[in-house]
Amino acid sequence: MTHAAVEKTDSPSGAGPRLSRLIGAAGPMLVLLALLALLAAFVPDFAGVRNVRGLILSVSLVGMIATTMMLVLALREVDLSVGSIVALSGVVAATVIAGSGSVWLGVLAGLGAGLAVGVFNGVVVAKLKVNSLIATLATMEIVRGLAFLTSQGEAVSIPQEQFYALGSGEFLGLNWPVWIMMACFVVFGLVLNFTVFGKNVLAIGGNPEAARLAGVPVTRVRIIVFALQGLVAGLAGIVLAARITSGQPNTSLGLELAVISACVLGGVSLSGGVASILGVLIGVLIMGAAQNALNLLDVPTFYQYVVRGGILLLAVIADRLRHSATPGWLSFGGRR
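Only a predicted model underlies this, so the values are computations on that prediction, with no experimental measurement involved. (Residues numbered from 1 in each chain as written. Predicted model: local features only at pLDDT ≥ 70, side-chain atom pairs only at ≥ 80, totals over all residues. Heavy atoms only, no water.)

Asks: Run through the packing of aromatic side chains, naming residues and quoting values.
Replies: Inspection of the entire model under this criterion finds 2 aromatic pairs. Each ring, one from Phe171 and one from Trp176, has its centre 5.6 Å from the other, and the planes form 15 degrees; the classification is stacked. A relative accessible area of 39% means that Phe171 is categorised as partly exposed. Owing to a relative accessible area of 34%, Trp176 belongs among the partly exposed residues under this scheme. A connected cluster of aromatic rings, assembled from ring pairs, spans Phe171, Trp176 and Trp179. (Phe/Tyr/Trp six-rings, centres within 6.5 Å; stacked < 30°, edge-to-face > 60°. Buried < 20%, exposed > 50% of the residue type's maximum accessible area, 1.4 Å probe, protein only.)

Shown next, in the form of structure tokens:
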């Protein structure tokens, strides 16, 4: 018996499940289109070219991390440490660049820091069988503390101005963070839909024990997914450091909630086994459009907290309802 036995497909080619995910993405897509239409009609300057470019740039950080959070949630796990990883990676990159004068060495150090935390999370969750919520909650605090210790509690300035191009440079009219986000969506979309690894992730999330009996290397897959999450969060931290021209240990507080909200809005199931890269992109845009509209309307920060929390709560309730009241083939993302 192989991992193929775990995967439920409508055709030998796997075209059926992919079609189901496209059908399931129609719900979030309609929500996004309706939201954009309402905001364009009632929020001044929302549909302006400058604002649209700013909106896309503003979601790049959440978008990058959401592509791998999708895999974590599809495993029936969660990672609350991504905001702290972003801060640590940015601080490490800034510190190494300032100390060595090498941009590439700083980038590699930042990526290494993110990867190390991701591997640590994966080992604790997969090998030691610690609940991922508790494990990554602890890691969130530890890594945030390491960021403050590394920077001695202060922002670390980056003297090499060529590093700033990573955050503010453009190509074909789009900023580099947007291109990096798009690359993440393409890469992890292909991984999810067209690789054995992606099928194994969904199989484990759908039924871990059945996946294990089918020969899927459950422990290894979990460690790799958390490692990828750490690596991409590290990349996001480096890009953010380039945008703000420094490494700041107190940045990205609460980022993990925005990322999880975007994934769940896009149809990624908190029960595991369901994920759609198109749905995640839609969820990221919904979150970004809502935040952008609040800023344009000058809504006070305290009210914005209420709105963001309400969006997360509604997304979780919607996830619960659609997976308890609708057939599997209609669920956003399609169960495999």
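From this point, things continue past the structure.
Asks: Please provide a residue-by-residue account of the nonpolar core, values included.
Replies: Ranked by internal contacts, the top residues of the largest apolar core, which has 78 residues, are Met64, Met69, Met70, Val201, Val225, Val280 and Val284. Among all residues touching Val225, those that are not within four sequence positions of it are Leu71, Val72, Leu75, Phe197 and Val201. (Core = buried A, V, L, I, M, F, W, Y, C linked by side-chain atoms within 4.5 Å. Contact = heavy atoms within 4.5 Å.)

Asks: So what's going on with the packing of helix α4 (residues 60-74) against helix α12 (residues 218-244)? Which residues, and what values?
Replies: Packing of α4 against α12 brings their axes to within 9 Å, and their N-to-C directions diverge by 175 degrees. Accordingly, the angle class assigned to the pair α4 and α12 is roughly antiparallel. The segment α4 lies against α12, with Ser60, Leu61, Met64, Ile65, Thr67, Thr68, Met69, Leu71 and Val72 engaging Val225, Phe226, Leu228, Gln229, Val232, Ala233, Ala236, Val239, Leu240 and Arg243. For the contact of α4 with α12, the residue count by class is 14 nonpolar, 4 polar and 1 charged. (Axes fitted to C-alpha atoms, helices over the stretch in contact; angles between N-to-C directions. Helix = DSSP H or I, 4+ residues; strand = E, 2+ residues; numbered from the N terminus. Parallel < 35°, antiparallel > 145°, perpendicular 65-115°, else oblique. Nonpolar A, V, L, I, M, F, W, Y, C, P; charged D, E, K, R; others polar.)

Asks: Before we move on, can you summarise unusual backbone geometry with the specific residues and values?
Replies: Its identity is not glycine, yet Gln152 carries a phi of approximately 55 degrees, on the positive side. Note on placement: Gln152 falls in the loop between α7 (132-151) and β1 (156-157). Gln152 gets classed as exposed once you look at its relative accessible area, which sits at 70%.

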